[in-house]
Amino acid sequence: KVRFVFCDDQPNNNKQGIKQEEFAEIQKSAIGTPIKLKFLGESAAGHAGSIPIGHIGNMFEQKNGNVNQLIADGVLYADDYPEEVEWLETEFAEGKAPGASWEVTYQSDKSLIENGVEWLKGILTMAATFVKHPAYGSRTAILALASNQKLDDKKLRLLSKMQRGTALELERRNFQRR
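Residues numbered from 1 in each chain as written. Predicted model: local features only at pLDDT ≥ 70, side-chain atom pairs only at ≥ 80, totals over all residues. Heavy atoms only, no water.

Student: I keep staring at the environment of Y77 and nothing clicks. Help me out?
Tutor: Structurally, the position occupied by Y77 is in the loop between β5 (67–76) and α2 (82–93). Residues Y77 and I53, spaced 24 residues apart in sequence, show a C-alpha to C-alpha distance of 5.5 Å. In contact with Y77, not counting residues within four places along its chain, are I53, G54, H55 and V85. Among the polar contacts made by the side chain of Y77, one reaches the side chain of H55 at a distance of 2.8 Å. (Helix = DSSP H or I, 4+ residues; strand = E, 2+ residues; numbered from the N terminus. Contact = heavy atoms within 4.5 Å. Polar contact = N/O pair within 3.5 Å; in protein donor to acceptor, adjacent residues only side chain to side chain.)

Student: What's the story with the packing of aromatic side chains in this structure? I'm lost.
Tutor: By convention here, two paired aromatic rings are described through the distance between centres and the angle between planes. Per the counting criterion, the structure on display carries three aromatic pairs. Measuring from ring centre to ring centre gives 5.3 Å for F4 and F130, while their planes differ by 80°; the resulting arrangement is edge-to-face. One end of the pair, F4, is in strand β1 (residues 2–8); the other, F130, is in strand β9 (residues 124–131), with 126 residues separating them in the sequence. Just above the ring of W119 sits the side chain of K19; from NZ or CZ to the centre is 5.2 Å. (Phe/Tyr/Trp six-rings, centres within 6.5 Å; stacked < 30°, edge-to-face > 60°. Lys NZ or Arg CZ within 6 Å of the ring centre and 35° of its normal.)

Student: Please explain α2 as it appears in this structure.
Tutor: At 3.6 residues per turn, the α-helix brings residues three or four places apart onto the same side. Across its twelve residues, α2 extends 16 Å between first and last C-alpha, which sits within 8% of the 16 Å expected from 1.5 Å per residue. Residues E84, V85, W87, L88, E89, E91 and F92 constitute the buried set of α2. Looking at the residues trailing α2, positive phi occurs at G95, about 70°. (Expected span 1.5 Å × (residues − 1). Buried < 20%, exposed > 50% of the residue type's maximum accessible area, 1.4 Å probe, protein only.)

Student: Would you explain the sheet that holds β5 in this entry?
Tutor: Adjacent strands of a sheet form backbone hydrogen bonds with each other and so pair up, either parallel or antiparallel. Pairing is mixed across the open sheet formed by seven strands, whose spatial order is β6-β9-β3-β4-β5-β1-β10. Each edge of the open sheet is held by one strand with a lone partner, namely β6 (99–105) and β10 (142–145). On average, each strand axis in the sheet is tilted by 35° relative to the strand beside it, whichever way the strands run. Sheet topology places strand β4 (residues 51–64) next to β5; ten bridges connect them, and they run antiparallel. Across the sheet, residue F60 finds its bridge partner in β5, namely I71. Contacts from helix α1 (residues 23–30) reach β1, β4, β5 and β9, with the element oriented near 150° to β4. (Pairing = 2+ DSSP bridges. Axes fitted to C-alpha atoms, helices over the stretch in contact; angles between N-to-C directions.)

Put into structure tokens, the structure is as follows:
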């Protein structure tokens with residue numbers, strides 16, 4: 001399982017943004033969409049050539065200070081993409097995991113331009129891709145990552161609140177106790 005910040009309600013480096021009122025539509029269209037990665041053996045690349053290595057199963061809103069975030073929970077296909085998932089786990093444990101970057105379509109004729117930022121409207125989620133340099137920088141980070149399919153939502157929420165290295169170490173200890 002993986003939990004990551006899909007987006008927040010602040011502008012990204014591409015001078016685009018998604019306001020909180022659009023989150024509900026994103027959530028509806030995101031369930032079942034791919035989580036993608038272009039793995040280069042030692043690092044992640046960008047969107048081009050990325051392949052599905054999992055899918056989004058759920059989304060929910062969360063407040064982080066004054067920022068509204070849209071959090072995604074997903075499943076990674078470790079049996080089909082063991083190298084990619086193992087690399088993500090290692091990078092996450094070392095605090096070097098790639099960030100999430102959304103792939104969406106939107107109605108450009110309904111989007112608003114405010115202070116040089118395009119606020120997207122009529123959004124339909126196509127995918128989330130783990131990339132080396134996401135437009136949101138570190139704001140769309142992986143929050144929790146565990147290859148244990150028995151990990152329930154309560155444990156995943158706890159993991160997402162803990163520091164990255166500590167979370168992975170705790171999960172490893174839990175695996176050893178079973």
